[in-house]
Structures are given as C-alpha cells and as structure tokens.
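# Survey of secondary and tertiary structure
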Amino acid sequence: MSDVPHNPGMALDLAWLEQVRVNLPAVKRRAETFGTRRTVKQQWQAAWLLKAVTCIDLTTLSGDDTDANTSRLCLKAARPIRKDLLEAMDMADAGITTGAVCVYPSRVKECVQFLKRYKADHIPVAAVATGFPSGQFPLSTRLQEIKMAVEAGAREIDIVINRTLALEHKWEEMFNEVVAMKAACGSAHMKSILAIGELGSMNNVYKASLVCMMAGSDFIKTSTGKEGVNATLAVGLVMCRAIREYHEKTGFRVGFKPAGGIRTAKDATTWLILIKEELGDSWLNNNMFRIGASSLLTDIERQLFHWVTGRYAAAHELALA
C-alpha cells in the first residue's frame with residue numbers, strides 16, 4: 001500500500017451526502033476513550049514523541065511576521081530537537097525534522113531560501129491561501145493567490161473552503177470551487193481547511209469532508225486556528241471516519257491534519273493514537289498525517305529533555321520554535 005496521498009477525486013455524489021447521519025452521542029463516547037484506554041510510557045513514549053515531531057507543520061501565521069521569525073522557524077524545523085538529546089536516544093543519524101513549515105504566501109520565498117541555507121530544502125514549505133482565514137474573497141483572487149504561492153516555491157497549499165456554501169448546503173458550488181483550487185495548485189499538494197468551528201454541525205463536517213475529497217483534496221484539515229473551536233478529538237474522529245469511508249468506496253487515500261489548540265506532548269500522543277486506531281499504521285507518517293502547531297514542538301522537546309536527563313529544562317535551555 002502506498003504511504004502517500006493518492007486522490008484524483010471523483011464526480012460529486014449528492015446521494016452519498018444525503019445518506020450522512022452522524023450519531024453525536026456515540027461520537028463523544030468514542031472520542032473520550034482516546035488517551036485513556038491506551039497509553040505509552042518510557043522509551044515508547046519518547047519514540048512516539050519523535051514520530052510526532054516529524055508530523056508537525058511548524059507554523060507562524062502572525063501579522064507581525066518578519067524575516068527573523070521565519071528564519072528562526074526554518075532553523076527549528078531543520079533541527080527540531082537538541083543534538084545532545086538525539087545522541088542520548090541514539091537518534092542523531094535518524095534525520096529528524098518537522099514535516100513542513102507553514103506560513104503566509106508572502107513569506108514562502110524567504111522560507112525556501114532559509115531551508116536551503118540550513119541544508120534542509122527537502123522540508124516542504126506550505127502556504128495558507130484562498131483568503132485565509134475567512135475565505136470571503138472572490139474566487140478569482142483566491143485562485144490567483146494559490147498560483148502566486150506555488151510560483152514562490154510552495155509545495156503544499158492549505159486552502160480554506162467557503163463556509164457559507166457549506167452552511168447553505170450548496171455542495172455543488174463548493175465542489176466546483178475546490179476543483180478549481182486543486183487545478184490551480186498544479187503539482188503542489190492541497191490541504192482543504194474546513195474551519196469546523198464555523199460549520200454548525202457534525203453532519204456538515206462529514207459532508208464537507210466528503211465534498212473536499214470528491215473534489216480531489218490530498219488532505220483535509222480541521223481548522224485555521226483562528227476560530228473559537230479548533231481541533232477536537234470528536235471532530236477528528238468524524239473526519240477520519242469520512243476518510244475511511246471514502247477510501248473503502250473509492251480506494252483513494254487522503255491525509256488528515258488537525259490544527260489549532262494542539263499544544264502539549266500529551267495532545268500529540270493522543271492524536272497519534274486516534275490515527276492508529278481509526279485509520280491504521282499506514283497513516284502514521286508525515287505523508288498522510290500532519291499536526292498544525294506553533295508551540296507544540298517546545299513541549300515535546302521539553303518532555304524528551306526530561307526523558308534523557310530526569311529533569312525538566314529551563315526556558316533558556318531550549319531553542320525557540
């Protein structure tokens with residue numbers, strides 16, 4: 001089985017959407033079991049945390065981003081864990097880096113240059129686009145934004161769907177927009193952000209997931225990180241069940257990216273458990289699973305420092321992400 005997304009998409013199937021019924025109490029009961037029924041400790045926990053590092057889309061999406069911010073971000077992506085810690089875990093030669101860096105389109109070009117400078121140009125640069133975070137812009141400008149980001153060197157594009165279309169159940173119009181965005185991405189992988197906190201119901205989350213996958217999305221992503229509700233385990237479960245059903249019906253594999261509010265090593269481990277139980281081991285890699293985060297890496301490195309040394313690091317002992 002391939003360990004990379006493969007989703008050429010399909011024709012919009014409105015009959016499939018009409019059959020969607022999400023049992024919310026059952027979803028909540030299942031979501032509550034993640035992180036409680038299965039735990040990982042000691043060296044296994046360290047191994048899972050290193051796996052989580054490789055799945056992080058290290059992100060800065062601030063209005064005050066500068067060259068200094070993005071340079072530091074790219075250096076941390078290239079060298080996410082202190083060398084002495086990796087040596088103590090016998091992982092110095094494992095090539096541990098983050099899965100990608102994620103920035104606004106205007107910062108893409110400099111990130112490509114910084115990663116090359118740090119000898120880490122294998123790390124893809126992802127750009128949020130299409131009127132992020134609201135998506136409330138004309139389609140023509142959203143498509144142009146994608147093309148400009150790709151021309152600047154972005155290898156992954158995180159698009160945002162038009163939530164108005166989802167709320168009004170204008171699925172065909174939404175499908176056509178996502179198809180156009182996929183075409184504008186060219187060879188770049190496309191992640192579709194649902195902004196689940198603004199979709200109103202779990203039924204809409206499931207339906208929007210299916211529509212984005214039918215339109216050819218390589219990944220579906222929970223949130224922009226700017227909504228009031230972002231990545232929750234219940235939403236993650238619903239989206240992963242949609243991915244699983246889509247794969248069972250079409251044979252096409254789609255990746256998953258939770259983003260927003262994932263800040264601790266325990267959070268990261270819980271999300272890995274969800275992926276393992278719901279989608280299987282073939283999704284447990286950075287080709288099929290990403291975590292959108294900015295502060296998560298600091299806590300993971302802090303936990304690994306504790307595993308190696310027996311104490312928690314002071315703030316000045318770990319490089320900023």
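Refer to the structure printed above.
Throughout what follows, the structure given in this document is the object of discussion. (Residues numbered from 1 in each chain as written. Predicted model: local features only at pLDDT ≥ 70, side-chain atom pairs only at ≥ 80, totals over all residues. Heavy atoms only, no water.)

Here we take up the sheet that holds strand S1 (residues 56-59). Read from one edge of the open sheet, eight strands run S7-S6-S5-S4-S3-S2-S1-S8, paired in parallel fashion. The open sheet terminates on both sides in strands that have one partner only, identified here as strand S7 (255-257) and strand S8 (291-293). Each strand axis lies, on average, 25 degrees off the axis of its neighbour in the sheet, ignoring direction. In the sheet, strand S2 (residues 100-103) pairs with strand S3 (residues 125-129) via three bridges, with the strands oriented parallel. Residue pairing in the sheet places Val-103 in a bridge with Ala-127 of S3. Helix H9 (residues 171-185) contacts strand S4 (156-160) and strand S5 (189-193) of the sheet and is inclined by roughly 150 degrees relative to S5. Helix H13 (residues 296-309) contacts S1 and S8 of the sheet and is inclined by roughly 120 degrees relative to S1. (Pairing = 2+ DSSP bridges. Helix = DSSP H or I, 4+ residues; strand = E, 2+ residues; numbered from the N terminus. Axes fitted to C-alpha atoms, helices over the stretch in contact; angles between N-to-C directions. Contact = heavy atoms within 4.5 Å.)

Looking at the element boundaries, Thr-270 is found in helix H12 (residues 265-278). Judged by relative accessible area, Thr-270 falls into the buried class, the value being 10%. In this structure Thr-270 touches Phe-34, Gly-35 and Leu-233, once residues within four positions along its chain are discounted. (Buried < 20%, exposed > 50% of the residue type's maximum accessible area, 1.4 Å probe, protein only.)

Now for the pairing of S2. The side-chain alternation of S2 yields two buried faces, one formed by Ala-100 and Cys-102 and the other by Val-101 and Val-103. Bridging between S1 and S2 involves three bridges; their strand directions are parallel. Considered in S2, the bridge of Leu-58 is made with Val-101. In this fold, S2 hands off to helix H6 (residues 108-117), which returns the chain to S3; that crossover is right-handed. (Right-handed = clockwise from strand over helix to strand, strands pointing away.)

Between its first and last C-alpha, helix H7 (residues 139-152) extends 20 Å over 14 residues, near the 20 Å set by a 1.5 Å rise per residue. Within the sequence span of H7, burial applies to Arg-142, Leu-143, Ile-146 and Ala-149. End-on, the buried residues of H7 take up no more than an arc of 120 degrees, which puts them together on one face. Residues of H7 that are exposed and point over 90 degrees away from its buried face: Ser-140, Met-148 and Glu-151. Tucked into the core, H7 has its buried residues touching H6, S3, S4 and H9. Gly-153 sits one or two positions beyond H7 and adopts a positive phi of about 120 degrees. (Expected span 1.5 Å × (residues − 1). Arc of directions from axis to C-beta.)

With that settled, the discussion passes to the packing of helix H2 (residues 24-31) against helix H11 (residues 233-250). Interhelical geometry of H2 versus H11 gives an angle of 110 degrees and a closest axis separation of 9 Å. One way to sum up the angle between H2 and H11 is to call them roughly perpendicular. Facing Val-27, Arg-30 and Ala-31 of H2, the residues of H11 in contact are Leu-233, Ala-234, Leu-237, Val-238 and Arg-241. (Parallel < 35°, antiparallel > 145°, perpendicular 65-115°, else oblique.)

What follows covers unusual backbone geometry. Pro-133 follows Phe-132 through a cis peptide bond whose omega is 0 degrees. With respect to the element layout, Pro-133 can be found in the loop between S3 and H7. Non-glycine residue Thr-130 carries a positive phi angle of around 60 degrees. As for its position among the elements, Thr-130 is in the loop between S3 and H7. You will see that His-169, though not glycine, has its phi angle at about 60 degrees, which is positive. Tracing the sequence through the fold places His-169 in the loop between helix H8 (163-167) and H9. Judged by relative accessible area, which is 42%, His-169 ranks as partly exposed.

This brings us to the pattern of salt bridges. Applying the stated criterion to the full structure yields 24 salt bridges. Arg-142 is the salt-bridge partner of Glu-177, the closest N and O atoms lying 3.0 Å from each other. Here the residue Glu-177 occupies a position in helix H9, and Arg-142 occupies one in helix H7, the gap between them amounting to 35 residues. Here Glu-177 falls in the buried class, since its relative accessible area comes to 9%. Ionic pairing is found between Asp-218 and Lys-182, a salt bridge with its closest N-O pair at 2.7 Å. Taken together, the positions of Asp-218 in the loop between helix H10 (202-214) and strand S6 (219-221) and Lys-182 in helix H9 put the pair 36 residues apart, joining distant regions of the chain. Assessed through its relative accessible area of 5%, Asp-218 is described here as buried. (Salt bridge = Lys/Arg side-chain N within 4 Å of Asp/Glu carboxyl O.)

This part is about the packing of aromatic side chains. Counted by the stated rule, this structure contains four aromatic pairs. Between Trp-16 and Tyr-246, the aromatic rings sit 6.3 Å apart at their centres with planes inclined by 10 degrees, giving stacked as the arrangement. Of this pair, Trp-16 sits in helix H1 (residues 14-18) while Tyr-246 sits in helix H11, placing them 230 residues apart in sequence. Assessed through its relative accessible area of 5%, Trp-16 is described here as buried. The class for Tyr-246 is buried, based on a relative accessible area of 0%. An angle of 40 degrees between the planes, with centres 6.1 Å apart, marks the rings of Phe-256 and Trp-271 as tilted. (Phe/Tyr/Trp six-rings, centres within 6.5 Å; stacked < 30°, edge-to-face > 60°.)

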